[in-house]
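Structural overview for review
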Amino acid sequence: MSGELQGLKVAFLVAPEGVEQVELTEPWEAVEEAGGLPGLISTQSGRVQAYDHLDKGDSFTADSTVNVASPSDFDALVLPGGVANPDYLRTQPEAVAFVRAFFDTGKPVAAICHAPWVLIEAGVVSGRTLTSWPSLRTDLANAGATWTDIEVQVCDAGPNRLITSRKPDDLKAFCQALLSGLPRR
């Protein structure tokens, strides 16, 4: 798969603290291995603290912030999960606007675990079919989405391709769907 995504820029949007580390690092590495250029975007500059469930994991340096980075500079967006990460992001208007811009311009978005909370806040799930961590089922249904309990759901019934997965155990399928769902240059 090396070189398949040569030069493709993929934004990874995370909160300054609380992202589930494996949900950030595995898709990031998959994009890199395929020749893509991942970029870490946060709401604040500096370090981002990742977690392994409830335990602190590694920290990563944000490449840019949502008030500086432009969705037009990226070909796709990945929203890793964790509970605290998307819960914080959905309260940040600039982060929500950043996410919405990918839908408005028809660019692919991939979200895993609790990350669809940000999609709900952006108002982009109505009429779409998604999967997520099971506790988001009612939230997604209330926002007009159809929820399904499968390892990866690809939905093209909207302005863009939307790829969702339930949990870290689904990362292999999530990464495969992400790579095959990204545009080619």
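One can find the structure itself at the top, above this paragraph.
A brief structural summary. Numbering of residues starts from 1 in each chain and follows the order in which that chain's sequence is written. Local features are withheld for residues below a pLDDT of 70 in this predicted model, meaning they are given only at 70 or higher, and side-chain atom pairs are given and counted only at 80 or more; totals for whole chains, interfaces and linings count all residues. Side-chain measures were taken over the full set of non-hydrogen atoms in the model, leaving aside hydrogen atoms and water.

**Re the overall build of the chain**
The helix and strand inventory of the chain stands at 6 helices and 12 strands. Two things to know: the radius of gyration comes from C-alpha atoms, and the globule rule equals 2.2 Å times the number of residues to the power 0.38. Over its C-alpha trace the chain gives a radius of gyration of 14 Å, about what one expects of a compact globule, namely 16 Å for 185 residues. Along the longest, intermediate and shortest principal axes, the C-alpha atoms of the chain span 35 × 35 × 30 Å. Counting the 185 residues in the chain, one finds 55% classified as buried. With an accessible surface of roughly 8000 Å², the chain has 47% of that area assigned to carbon and sulfur atoms. Every helix listed is a DSSP run of H or I at least four residues long, and every strand listed is a run of E at least two residues long, numbered separately from the N terminus. Summary of the burial criterion: residues with accessible area below 20% of their type's maximum are buried, those above 50% are exposed, and those between are partly exposed, where the area comes from a 1.4 Å probe applied to protein chains only. Every accessible area reported is derived by Shrake-Rupley at a probe size of 1.4 Å, with residue values counting cover from the shown protein chains alone.

**Describing the nonpolar core**
What is meant by a nonpolar core is a set of buried Ala, Val, Leu, Ile, Met, Phe, Trp, Tyr and Cys residues, joined one to another through side-chain atoms within 4.5 Å. Leu13, Leu77, Leu79, Phe98, Val99 and Leu119 are the most contacted members of the largest nonpolar core, which has 32 residues in total. Among the elements of the structure, β1 (9–13), β7 (76–79), α3 (93–104), β8 (109–112) and α4 (116–122) are those that each provide at least two residues to this core. The element contributing the most residues to this core is α3, with 6 residues. Contact between two residues is taken to exist if any of their heavy atoms lie within 4.5 Å; hydrogens are not considered. The residues touching leucine 119, leaving out its near neighbours within four places in the chain, are Leu79, Val99, Phe103, Val109, Ala111, Val124, Val125, Leu130 and Leu162.

**A word on the environment of threonine 164**
As for its position among the elements, threonine 164 is in strand β12 (residues 162–165). Sequence-wise, threonine 164 and valine 125 are 39 residues apart; in three dimensions their C-alpha atoms are separated by 11 Å. In this view, threonine 164 contacts Ala111, Leu130, Thr131, Glu151, Val152, Gln153 and Phe174; residues no more than four positions away in its chain are not counted.

**A few points about the sheet that holds β1**
Strand order in the open sheet formed by 7 strands is β6-β3-β1-β7-β8-β12-β11, with mixed pairing between adjacent strands. Every other strand in the sheet has two partners, leaving β6 (64–65) and β11 (152–155) as the edge strands with one partner each. DSSP bridges decide pairing: two strands pair if at least two such bridges lie between them. Where β1 lies against strand β3 (residues 37–42), 5 bridges are found, and the strand directions are parallel. Residue pairing in the sheet places leucine 13 in a bridge with isoleucine 41 of β3. Each axis is a line fitted through C-alpha atoms, and for a helix only the stretch in contact is used; angles between axes span 0 to 180 degrees, taken between their N-to-C directions. Here helix α6 (residues 171–181) sits on the sheet and contacts β7, β8, β11 and β12; the angle it forms with β12, its principal contact strand, is near 175 degrees.

**Overview of the pairing of β3**
The buried fraction of β3 amounts to 5 of the 6 residues, a majority that puts the element mostly inside the structure. As defined by bridge partners, β3 adjoins β6 across 2 bridges and the pair is classed as parallel. Looking across to β6, one finds that isoleucine 41 is bridged to serine 64.

**Concerning the pattern of salt bridges**
Whenever Lys or Arg places a side-chain nitrogen within 4 Å of a carboxyl oxygen from Asp or Glu, that contact is recorded as a salt bridge. In total, this model carries 6 salt bridges according to the counting rule given. Between arginine 184 and glutamate 4 there is a salt bridge, with its nearest N and O atoms 2.4 Å apart. Pair noted here: arginine 184 is in the segment after α6 and glutamate 4 is in the segment before β1, with a separation of 180 residues, a long-range link. We classify arginine 184 as partly exposed; its relative accessible area is 40%.

**As for α6**
Counting buried residues in α6 gives 8 out of 11 residues, a clear majority hidden from the surface. Where α6 is concerned, the buried positions are Leu171, Ala173, Phe174, Cys175, Ala177, Leu178, Leu179 and Gly181.

**Examining the sheet that holds strand β2 (residues 17–20)**
In sheet architecture, strand pairing relies on hydrogen bonds along the backbone and comes in two forms, parallel and antiparallel. In spatial order, the strands read β2-β4-β5; together these 3 strands make up an open sheet with mixed pairing. The open sheet terminates on both sides in strands that have one partner only, identified here as β2 and β5 (55–61). On average, each strand axis in the sheet is tilted by 40 degrees relative to the strand beside it, whichever way the strands run. Note: β2 against strand β4 (residues 47–52), 3 bridges, orientation parallel. Within β4, the residue paired with valine 19 across the bridge is alanine 50. Against the sheet, helix α1 (residues 21–33) contacts β2, β4 and β5, and its axis sits at roughly 55 degrees relative to β2.

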